[in-house]
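Residue-level structure breakdown
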Amino acid sequence: EFLRELRKLIGVRDFSGFIRLWNRTLQPNRLVWQAVNLLRMNSFLQGVISNINETQAEYIEKVLACGRIIEFRPRIYSYRERVLKPDPLIYRLALHRANEEYRLSEEILPEECVFVDDRIENVEAARGCGWHAIHHNPVFVTGTLYRLAELGVKI
């Protein structure tokens, strides 16, 4: 939608240069990735819920995260699901898919999930669905790690 509207506004058909520049604005936070790796090593299940478009998803999966994000299950991308955060449906869908994919002896319950996001409206929506939720400040990652520790998540 964004590119379609931009094409109308400026009359440009080829956005390959723009897309390359746009993707370069996406940078991994090394401290966050260290925490993600430690969580995985400690057997925490990890998934993704993202309001992302196809171009960004492809870049993130193949380039930015060195293919590692494909290890997250489920990966709920708004462009695929046709639902955006903070719609409660996206959280219910993520939990349903996690239960399908992991097929544990007991169903994963909302109160066993922790959602981390930098947008407060998404955090509040997850809480409204019964999840624990942390409002993440990208410049203060240790605050997020502290909140995880308060929930009993040891990294």
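Residues numbered from 1 in each chain as written. Predicted model: local features only at pLDDT ≥ 70, side-chain atom pairs only at ≥ 80, totals over all residues. Heavy atoms only, no water.

1. Digging into the pairing of strand β4 (residues 132-135)
Relative to β4, strand β3 (residues 114-117) runs parallel, the two being bridged by 4 bridges. Note on β4: the bridge partner recorded for Val116 is Ile134. What joins β3 to β4 is helix α7 (residues 120-128), and the crossover it makes is right-handed. (Pairing = 2+ DSSP bridges. Helix = DSSP H or I, 4+ residues; strand = E, 2+ residues; numbered from the N terminus. Right-handed = clockwise from strand over helix to strand, strands pointing away.)

2. Let's talk about the packing of aromatic side chains
A full pass over the atoms with the stated rule returns 4 aromatic pairs. Ring geometry for Tyr91 against Trp131: centres 5.8 Å apart, planes inclined by 80°, an arrangement best described as edge-to-face. Pair noted here: Tyr91 is in helix α6 (residues 88-102) and Trp131 is in the loop between α7 and β4, with a separation of 40 residues, a long-range link. One exposure class covers both Tyr91 and Trp131, and it is buried. A centroid spacing of 6.3 Å and a plane angle of 75° characterise the contact between Phe115 and Trp131, whose relative ring orientation is edge-to-face. Highlighted residues: Phe115 in strand β3 and Trp131 in the loop between α7 and β4, separated in sequence by 16 residues. With respect to class, Phe115 is no different from Trp131; both count as buried. Among the aromatic side chains, those forming a connected cluster through ring pairs are Tyr91, Phe115 and Trp131. The ring of Tyr102 is capped by Arg73, whose NZ or CZ atom sits 4.4 Å from the centre of that ring. (Phe/Tyr/Trp six-rings, centres within 6.5 Å; stacked < 30°, edge-to-face > 60°. Buried < 20%, exposed > 50% of the residue type's maximum accessible area, 1.4 Å probe, protein only. Lys NZ or Arg CZ within 6 Å of the ring centre and 35° of its normal.)

3. Remarks on helix α3 (residues 30-41)
Taking 1.5 Å of rise per residue, the 12 residues of α3 would be expected to cover 16 Å, and the 16 Å separating its terminal C-alpha atoms lies within 8% of that figure. Three or more residues of α3 are buried, namely Ala35, Val36 and Leu39. Axial view of α3: buried residues confined to an arc of 100°, hence all on one face. In α3, the exposed residues that point more than 90 degrees away from the buried face are Arg30 and Met41. Tucked into the core, α3 has its buried residues touching α8 (141-150). Trailing α3 by a residue or two, Ser43 shows a phi angle of about 70°, which is positive. (Expected span 1.5 Å × (residues − 1). Arc of directions from axis to C-beta. Contact = heavy atoms within 4.5 Å.)

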